[in-house]
Amino acid sequence: MRRDRPPFFYRGTEGIRITVKPAFLRERSNPLLEQFVFAYHIRIENVSGQAAQLRSRRWLIHGDAIGDSVVEGEGVVGEQPHLLPGQVHEYRSFCVLRAPQGWMEGSYRFVRDDGSSFHAEIPRIPLLAAPQATSN
């Protein structure tokens, strides 16, 4: 297994496949100020036979220093993508923790064209700040 690539995390619910790739942003973090910045790339695929629109999100963010916080809102990064069968929506975002480790998980609420709704689970994403590299 290659160590230079971060892991991907997958979850599928109701024909919506969610893939998450986290990354620690060392250059944007400041451990002295207890600021550890993590980016994540999300890929949402509609692998079902029905269209669905992402309407809202709910994230549970856990940082070892302060516990849990919840982030809720409409859409993702200002969008409410409508995904036809086979379509993909991707976006990037970030969060800031006060400790070098924690995790995120959550769900997206989707509404199908027939008016039915469901929650697609977002897999738990471990957030781990990589240790500083030392030079020899």
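So, a few notes on the structure that sits alongside this text. Being a predicted model, the structure only gives us computed values, none of them experimental. (Residues numbered from 1 in each chain as written. Predicted model: local features only at pLDDT ≥ 70, side-chain atom pairs only at ≥ 80, totals over all residues. Heavy atoms only, no water.)

Turning next to the sheet that holds strand S3 (residues 36-46). Spatial strand order, S1-S2-S3-S7: four strands in an open sheet with antiparallel pairing. The open sheet has two edge strands, strand S1 (9-13) and strand S7 (88-97), and neither has a second partner. Averaged over all neighbouring strand pairs, the angle between strand axes comes to 20°, with direction disregarded. As defined by bridge partners, S3 adjoins S7 across 10 bridges and the pair is classed as antiparallel. Residue pairing in the sheet places Arg 43 in a bridge with Glu 90 of S7. (Pairing = 2+ DSSP bridges. Helix = DSSP H or I, 4+ residues; strand = E, 2+ residues; numbered from the N terminus. Axes fitted to C-alpha atoms, helices over the stretch in contact; angles between N-to-C directions.)

Within a regular strand, side chains alternate between the sheet's two faces. Most of S3 sits out of view: 10 of its 11 residues are buried. Relative to S3, strand S2 (residues 16-24) is paired through nine bridges, and the arrangement is antiparallel. The residue of S3 that forms the bridge with Arg 17 is Glu 45. (Buried < 20%, exposed > 50% of the residue type's maximum accessible area, 1.4 Å probe, protein only.)

What follows deals with the packing of aromatic side chains. Tallied over the entire structure, the rule returns four aromatic pairs. On the basis of an interplanar angle of 50° and a centroid distance of 5.4 Å, the ring pair of Phe 24 and Phe 38 is categorised as tilted. Highlighted residues: Phe 24 in strand S2 and Phe 38 in strand S3, separated in sequence by 14 residues. Note on Trp 59 and Tyr 108: the rings are 6.5 Å apart at their centroids and 85° apart in plane angle, and the pair reads as edge-to-face. Remark: Tyr 108 occurs in strand S8 (residues 101-112) and Trp 59 occurs in strand S4 (residues 52-63); sequence separation between them is 49 residues. Both residues of the pair, Trp 59 and Tyr 108, belong to the buried class. Over the face of the ring belonging to Trp 103 we find Arg 124, whose NZ or CZ atom lies 3.6 Å from the ring centre. (Phe/Tyr/Trp six-rings, centres within 6.5 Å; stacked < 30°, edge-to-face > 60°. Lys NZ or Arg CZ within 6 Å of the ring centre and 35° of its normal.)

Right, let's talk about the nonpolar core for a bit. Counting 27 residues, the largest nonpolar core has Ile 42, Ile 44, Trp 59, Tyr 108 and Phe 110 as the members making the most contacts within it. Mapped by element, the contributors of at least two residues to this core are S2, S3, S4, S7, S8 and strand S9 (117-128). Ignoring anything within four residues of it in the chain, the contact list for Ile 44 reads Ile 16, Arg 17, Leu 54, Leu 83, Gln 87, Val 88, His 89, Tyr 91, Tyr 108 and Phe 110. (Core = buried A, V, L, I, M, F, W, Y, C linked by side-chain atoms within 4.5 Å. Contact = heavy atoms within 4.5 Å.)

Before going further, it helps to spend a moment on the pattern of salt bridges. Summed over the entire model, instances satisfying the criterion amount to six salt bridges. Note that Glu 45 and Arg 17 form a salt bridge whose closest N and O atoms lie 3.6 Å from each other. One end of the pair, Glu 45, is in strand S3; the other, Arg 17, is in strand S2, and 28 residues separate them in sequence. The class for Glu 45 is buried, based on a relative accessible area of 13%. Residue Arg 98 pairs with Glu 34 through a salt bridge whose shortest N-O separation is 2.8 Å. Placement of Arg 98 in the loop between S7 and S8 and of Glu 34 in the loop between S2 and S3 is noted, with a sequence separation of 64 residues between them. (Salt bridge = Lys/Arg side-chain N within 4 Å of Asp/Glu carboxyl O.)

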